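Now for the letters of each chain:
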Amino acid sequence: MKLDILAFGSHPDDVELGCGGTIAKSVAQGKSVGIIDLTRGELSTKGSVPTRHIEAQKAADILGVQCRLNMELEDGFISNDKKSKFKVIQKIRQYKPNIVLSTAHRDRHIDHQNSNQLIHDSCFLSGLKKIEIPDDRGESLTPWRPKIILEYIQWNDISPDIIIDISGYLDVKVLSIKAHKSQFFNTKNNTIVTPISKPNFLSSMEARAINFGRLVGTEAGEGYTSPQPLAIGDLNCLLF
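Residues numbered from 1 in each chain as written. Predicted model: local features only at pLDDT ≥ 70, side-chain atom pairs only at ≥ 80, totals over all residues. Heavy atoms only, no water.

> Please give an account of the overall build of the protein chain that cites residues and values.
Secondary structure summary: the protein chain contains six helices and seven strands in total. When the elements of the protein chain are put in sequence order from the N terminus, they spell out β-α-β-α-β-α-β-α-β-β-α-α-β. Against the 2.2 N^0.38 benchmark of 18 Å for 240 residues, the protein chain shows a C-alpha radius of gyration of 17 Å, consistent with a compact globule. Oriented by its inertia axes, the alpha-carbon framework of the protein chain measures out at about 55 × 45 × 30 Å. The 240 residues of the protein chain split such that 48% are buried. The contacts of the protein chain with a sequence gap of at least 6 include a subset with a gap of at least 24, amounting to 80%. For the protein chain, the accessible surface area stands at approximately 12,000 Å², while carbon and sulfur atoms represent 54% of it. Treating the 29 positive side-chain charges of the protein chain as one cloud and the 28 negative ones as another, the clouds have centres 2 Å apart. (Helix = DSSP H or I, 4+ residues; strand = E, 2+ residues; numbered from the N terminus. Rg over C-alpha atoms; globule rule 2.2 N^0.38 Å. Buried < 20%, exposed > 50% of the residue type's maximum accessible area, 1.4 Å probe, protein only. Contact = heavy atoms within 4.5 Å. Areas by Shrake-Rupley, 256 points an atom, 1.4 Å probe, with all protein chains shown as cover. Lys, Arg positive; Asp, Glu negative; His and termini not counted. Charge placed at Lys NZ, Arg CZ, Asp CG, Glu CD.)

Here it is as C-alpha cells:
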C-alpha cells in the first residue's frame, strides 16, 4: 500500500493533537494517510497499554486513515540508534509516502524531540540504495525518500513556517483527541490530574488552532515547521 502522507507520533494521541485536522482534511480530499505511533505510551500516568491501543484505533477510525501501526519502541527512551532507524526505514520504504508529518524539533517531552531526529535521519537513510532492509516476508524493499517533512507543533509554542487551513475539520480533530478518554479531562476519569488532563489543556489546543486560523484569515489552522525551504510552483499556490 502506497500512502500519500505518513504521520509519526511518539505516543498514541500525539498525531491527533498535532496534525489531526490536517489528516482529516487530507482524507476528505481523497489522500491516503497512515499513522505510526513509535511507542505504546506505557509510561503514561493514566491508562494502560491495552486501553491506549483501543483508544488509538477509535481515533484512527474517526480520522479515516488507511492504517495505524505501533512500532513498540520504549516509551521515554526513544533512541536514534541503528535498530530504531532500520524499523522506521522499513515502514517508509513499505508505504512510500510523499509527505511525512513529524513530531516537534523542540518540546517538553524528550521523546518528541528524540523522535524528530530519528524520523529525519530515517527519511534520509531510506533513500540510500546500499542500505538493504527486507520487509516482513524477507523480500527486499526499494529505497524511498519522502519529498517533504513537516514538523507539527506540540506542547511548546513555536512559530510556524507554514499554516495549513483546517476550517471545517477542527471538530473532527477534537473528536479524535477525545477518543483517548484515559488521557484527557472527562468527569468520569479525573481522580489523577496530569498536565494534559486538566480542563484547560483541550481548550488551549482549540484556541491555538483558532489563532493559527486567525493569522491566515481562516476559521482554524495547524502550524508546522520545516527543516528545509519549501518550494511552490507559482504564486497562485499561495491562494486559497
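Read on, since the account is not over.
> How would you explain unusual backbone geometry if you had to name every residue and give the values?
Even without a glycine there, the phi angle at Asp-13 is positive, about 100°. Residue classification places Asp-13 among the buried residues on the basis of a relative accessible area of 5%. Even without being glycine, Glu-72 reaches a positive phi, approximately 60°. Looking at the element boundaries, Glu-72 is found in strand β3 (residues 67-73). Look at Glu-72 and you get exposed, because its relative accessible area is 53%.

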